[in-house]
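The lines below spell out each chain.
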Amino acid sequence: MGVNIRFLGGAGTVTGSKYLVEHEGQRLLVDCGLFQGYKQLRLRNRDPLPVVPAQIGAVVLTHAHIDHSGYLPLLVREGFKGKAWCTPGTRDLCRILLPDSGHLQEEEAAYANRKGFSKHQPALPLYNVEDARESLKHLHAVPPHEVFEPLRGWRVRLSGAGHILGAASVLVEVGGKRLLFSGDLGRPDDALMHAPDAPPEADVVVCESTYGDRSHPQEDLLAELGPALARLAARGGTAVVPVFAVGRAQALLHAIAQLKARGGLPAALPVYLDSPMAVHTTELYEHHLGEHRLSAAQCRDMERAAHLVTSVEQSKAIALQRGPKLILAASGMATGGRVLHHLSQHLGDHRNMVVLTGYQAPGTRGARLAQGTATLRIFGQDWPVRAEVVQLASASAHADAGQLMAWLRQLPRAPHRVFVTHGDMEAADALRLRIEHELGWRALVPEHNSTWMA
Ligand SMILES: [Zn+2]
């Protein structure tokens, strides 16, 4: 009996990562992510999996981002009984992110019902906070580089992937095959995270390709952010910064702290971090010293760079407050969360600014803003966009095409096959071509729901 890989998500798209590995009737799911972005993709979250969750023996999570972990509450509710293995950092982040995701699902459904714009009557959340809390009981942390046996006869090892706190690549050894899943790979020059570990020997590599067709500019975050925010402060505007609560928010805070210390930003310019999730994540960095580049003192500076906002009342007060300020709020692609209220309050004024801080998946409000849309639909209403939109090129937590190739080149020997996943079609295909032409390895972009023999 061979080893099969079935691509249940992350194939031809950056979201919904789910790779099912099957061998002799045993099943392991690598990543358990939600589809995000285009409605057409999000609807896939509502389709039953082609495999009954009770027949999946174990889950291994590469990292805590919702497009890699956010389906776990549903998997558990639908009958999954096993453990979800991950690093301690991923476990701690999931404890913050998954209940928040349940909360967002509930809010979205409640809002749709209140406004009556859902086609489903009543709109039901995909899962709720209670489902999310229940799924946390299945998380089982293992330190990186330790071999564990999630299923009888299966050996699995996690290694550092950079990217965000706790992020890992996953090596699965089963049926005489070595399967390596890159997870999301960070950039070697990231301000917060260490460079990804060199990949171990493998027969099959499943490699992400978020930036498979692009190179990051040499410019650093400070050089990009400094002039934009100085321009904003000079015209007395407010910047709304949709942030990914994990990683980008902390990189931004770290940069803002440095800019203020150097005099690149007025020290008195109020900065708000309006996201309980981002606040809790920021505090987590101090508990995971050594797993990122910041010292204890730098962690504290980062926490002090902004007023940390957790209550809804405070959040509403900030949205209505006049005068220049920076508001960092989740979510990073403006798909939900408190940033929506801030955007609706500030988009219409040309003195204001929206700073997009990372990859914007097609179909999201962030992507529309990046494309220069004239109006933006928020909570069933179209808001005119007059604010300046700035997209930070340097703020990505992902390796670019050259850095992905450099990571692959470190493999001790050529793999039999590389599956290129976690990228839009263009990005995935561009990386596939580079792998074939520059490395001479067999590479392909799998179809959604396709199955391959390893
Ligand atoms: Zn990620």
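Going by the structure above, here's the rest.
Definitions and cut-offs
- Numbering of residues begins from 1 in every chain and follows the order in which that chain's sequence is written.
- Residues qualify for local features only when their pLDDT is at least 70, as the model is predicted, and side-chain atom pairs are given and counted only at 80 or more; totals for whole chains, interfaces and linings, by contrast, use all residues.
- Hydrogens and water molecules were not included; the side-chain quantities draw on all heavy atoms of the structure.
- Salt bridges are counted wherever a side-chain nitrogen of Lys or Arg sits within 4 Å of a carboxyl oxygen of Asp or Glu.
- Comment: elements are numbered from the N terminus, with helices defined as DSSP H or I runs of at least four residues and strands as E runs of at least two.
- Burial classes follow relative accessibility: with a 1.4 Å probe on protein chains only, a residue under 20% of its type's maximum area counts as buried, one over 50% as exposed, and anything between as partly exposed.
- Each axis is a line fitted through C-alpha atoms, and for a helix only the stretch in contact is used; angles between axes span 0 to 180 degrees, taken between their N-to-C directions.
- Any angle that falls under 35 degrees is termed roughly parallel, while one over 145 is termed roughly antiparallel, one within 65 to 115 roughly perpendicular, and all others oblique.
- With the far helix as reference, a near helix turned anticlockwise by less than a right angle produces a left-handed crossing, and one turned clockwise produces a right-handed crossing.
- We call two residues in contact when some of their heavy atoms are within 4.5 Å.
- In this analysis, strands are considered paired if DSSP registers two or more bridges between them.

1. Details of the pattern of salt bridges
(1) Moving on: Summed over the entire model, instances satisfying the criterion amount to 24 salt bridges.
(2) Moving on: For the salt bridge of Arg-214 with Asp-213, the shortest nitrogen-to-oxygen distance reads 3.2 Å.
(3) Moving on: The shortest N-O distance in the salt bridge between Arg-434 and Glu-438 comes to 2.9 Å. Note that Arg-434 and Glu-438 are positioned in helix α14 (residues 425-439) at a spacing of four residues, about one turn of the helix.
(4) Moving on: Under the relative-accessibility criterion, Arg-434 is labelled partly exposed at 28%.
(5) Moving on: Overlapping salt bridges, with partners in common, bring together Arg-77, Glu-78 and Asp-131 in one network.

2. Considering the packing of helix α6 (residues 221-234) against helix α7 (residues 248-262)
(1) Moving on: Close contact between α6 and α7 brings their axes to 10 Å; oriented N to C, the two are set at 65 degrees. On the basis of their axis angle, the class for α6 and α7 is roughly perpendicular. When the axes of α6 and α7 are compared, the crossing they make is right-handed. Here α6 contributes Leu-221, Leu-222, Leu-225 and Gly-226 to the contact with α7, which in turn contributes Ala-251, Leu-252, Ala-255, Ile-256, Gln-258, Leu-259 and Arg-262.

3. Considerations on the pairing of strand β1 (residues 3-9)
Here is the key point about a regular strand: its side chains alternate between the two faces of the sheet.
(1) Moving on: The element β1 is largely enclosed, with a buried count of five among its seven residues.
(2) Moving on: Judged from the six bridges that link them, β1 and strand β2 (residues 18-23) form a sheet pairing that is antiparallel. Counterpart to Asn-4 in the pairing with β2 is Glu-22.
(3) Moving on: Bridge count between β1 and strand β21 (residues 451-453): three bridges; the pairing is antiparallel. What sits directly across from Asn-4, in β21, is Met-453.

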